[in-house]
Amino acid sequence: AQSVTQLDSQVPVFEEAPVELRCNYSSSVSVYLFWYVQYPNQGLQLLLKYLSGSTLVKGINGFEAEFNKSQTSFHLRKPSVHISDTAEYFCAVSALYSTLTFGKGTMLLVSP
Amino acid sequence: DAGVIQSPRHEVTEMGQEVTLRCKPISGHDYLFWYRQTMMRGLELLIYFNNNVPIDDSGMPEDRFSAKMPNASFSTLKIQPSEPRDSAVYFCASSLRLLSGANVLTFGAGSRLTVL
């Protein structure tokens, strides 16, 4: 079975500052990794995914994440955030032919 | 494509009433998932289907919950009788399994259920 830990439940940041949202996973087999974003009163939207290949993955809205197998991490980064990035961000993991396991989520709060 | 369509978006009902939530997956997707989201427990997988067949319903909390997928374009999640602790946002998601074996889910907007 897989598990995901999002270390921060809330991350406050000022507009135009860089941000990193942390995600660590646990699995005994190879995994696929995902970041989803949830804006208020909406469903989850896929930001980016790692399936194979390059460990640096670029997604929508200027976000990127790096798969680090040795540290079992998949941290999400953005060099300069906007007010509109305020949302909840979910890290998720799955193994081959298994279902997604989600973390508890990190609320990104961007203030002017 | 219109994406995953869920209805109703909001439902307020009284304890003991039957609740039916509906989902239309993306055309061509062969997997359908029902999730429940609460503040306390986060996102929980309730049940998922592959080619309209229920594969794993171990996340369904009790016998009061049931889910069906009569065809590839429609699924329902039913709660009978409903209780206040069922209040949550229920999400439907669909996917097409990739050759790599990964499932990339597309979520609906959710159905917010309040049981008084």
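Here, the structure is the one placed above.
Fair warning: this is a prediction, and the values are worked out from it, not measured in the lab.

Cut-offs applied
Residues numbered from 1 in each chain as written. Chains lettered and ligands numbered in written order. Predicted model: local features only at pLDDT ≥ 70, side-chain atom pairs only at ≥ 80, totals over all residues. Heavy atoms only, no water. Helix = DSSP H or I, 4+ residues; strand = E, 2+ residues; numbered from the N terminus. Buried < 20%, exposed > 50% of the residue type's maximum accessible area, 1.4 Å probe, protein only. Contact = heavy atoms within 4.5 Å. Areas by Shrake-Rupley, 256 points an atom, 1.4 Å probe, with all protein chains shown as cover. Pairing = 2+ DSSP bridges. Axes fitted to C-alpha atoms, helices over the stretch in contact; angles between N-to-C directions. Buried area = accessible area lost by both parts, 1.4 Å probe. Salt bridge = Lys/Arg side-chain N within 4 Å of Asp/Glu carboxyl O. Polar contact = N/O pair within 3.5 Å; in protein donor to acceptor, adjacent residues only side chain to side chain. Disulfide = S-S within 2.5 Å. Phe/Tyr/Trp six-rings, centres within 6.5 Å; stacked < 30°, edge-to-face > 60°.

Before we move on, can you summarise the overall build of chain A with the specific residues and values?
Along the backbone of chain A there are 0 helices and 12 strands. With respect to the principal axes defined by its C-alpha atoms, chain A has extents near 40 × 30 × 20 Å. The burial tally for chain A puts 46% of its 112 residues in the buried class. Partitioning the intrachain contacts of chain A with sequence separation of at least 6 by distance along the chain shows that 56% fall at a separation of at least 24. Counting only carbon and sulfur atoms, one obtains 51% of the accessible surface of chain A, whose full area is about 5400 Å².

An account of the sheet that holds strand β3 (residues 19–24) of chain B is needed here, citing residue identities and associated values.
All names here are of chain B. Taken in spatial order, the 4 strands make up an open sheet running β1-β3-β8-β7, and their pairing is antiparallel. The strands lining the two open edges of the sheet, one partner per strand, are β1 (5–7) and β7 (65–71). Across this sheet, the average inter-strand angle for adjacent strands is 15°, counted without regard to direction. Examined bridge by bridge, β1 and β3 share 3 bridges and lie antiparallel to one another. For Ile 5, the partnering residue across the bridge sits in β3 and is Lys 24.

Hey, could you go over the interface of chain A and chain B for me, with residue numbers and the actual values?
Taken together, the 19 residues of chain A in the interface contact 22 residues of chain B. For the pair chain A and chain B, the two sides together bury roughly 1600 Å², of which 59% comes from carbon and sulfur. Considering only the surface of chain A that becomes buried against chain B, Leu 44, Tyr 97 and Thr 99 of chain A emerge as the three largest contributors, covering 29% of it. At the surface where chain A touches chain B, the tally comes to 0 salt bridges. Linking chain A with chain B are 3 residue pairs in polar contact (both at pLDDT 80 or more), by the criterion used here. The set of elements that each furnish at least two residues to the side of chain A that touches chain B consists of β5 (31–38) and β6 (44–50) of chain A. When residues in the side of chain A that touches chain B are grouped by element, the largest group, 4 residues, is from β5 of chain A.

I'd love a proper account of unusual backbone geometry, names of residues and values included.
Glycine aside, a negative phi is what most residues show, and trans is what most peptide bonds show. Residue Pro 8 of chain B is bonded to the preceding Ser 7 of chain B through a cis peptide linkage, with omega at -10°. Secondary-structure assignment places Pro 8 of chain B in the loop between β1 and β2 (10–13). Of note, the amide linkage connecting Gln 80 of chain B to Pro 81 of chain B takes the cis form, showing an omega dihedral of -10°. Here Pro 81 of chain B is to be found in the loop between β8 (74–79) and β9 (88–95). Although it is not a glycine, Asn 61 of chain A adopts a positive phi angle of roughly 60°. One can find Asn 61 of chain A in the loop between β7 (56–58) and β8 (64–68). Residue Asn 61 of chain A is classed as partly exposed on the basis of its relative accessible area, which comes to 40%. Of note, Asn 52 of chain B is a non-glycine position whose phi angle comes to about 75°, a positive value. Inspection of the secondary structure assignment puts Asn 52 of chain B in the loop between β5 (42–50) and β6 (53–56). Take Asn 52 of chain B: its relative accessible area is 28%, and that puts it in the partly exposed class.

How would you explain the state of the cysteines if you had to name every residue and give the values?
Two cysteines whose sulfur atoms are joined by a covalent bond form what is called a disulfide. All names here are of chain A. Within this structure, the stated rule accounts for 2 disulfides over all chains. One disulfide in the model links Cys 23 with Cys 91; its S-S distance is 2.0 Å. Around the S-S axis, the bridge from Cys 23 to Cys 91 shows a dihedral of about -65° and counts as left-handed. You can see Cys 23 sitting in the loop between β3 (19–21) and β4 (24–26) and its partner Cys 91 sitting in strand β10 (residues 87–95), a full 68 residues away along the chain.

Outline the packing of aromatic side chains, listing residues and values.
In total, this model carries 15 aromatic pairs over all chains according to the counting rule given. Measuring from ring centre to ring centre gives 5.6 Å for Phe 102 of chain A and Tyr 35 of chain B, while their planes differ by 90°; the resulting arrangement is edge-to-face. Of this pair, Phe 102 of chain A sits in strand β11 (residues 101–102) while Tyr 35 of chain B sits in strand β4 (residues 31–38), on two different chains. Side by side, Phe 102 of chain A and Tyr 35 of chain B carry an identical accessibility label, which is buried. Taken together, the ring pairs connect Phe 34, Tyr 36, Phe 90 and Phe 102 of chain A together with Tyr 31, Phe 33, Tyr 35, Tyr 48, Phe 91 and Phe 107 of chain B into an aromatic cluster.

The values reported here are purely geometric and, on their own, carry no functional implication.
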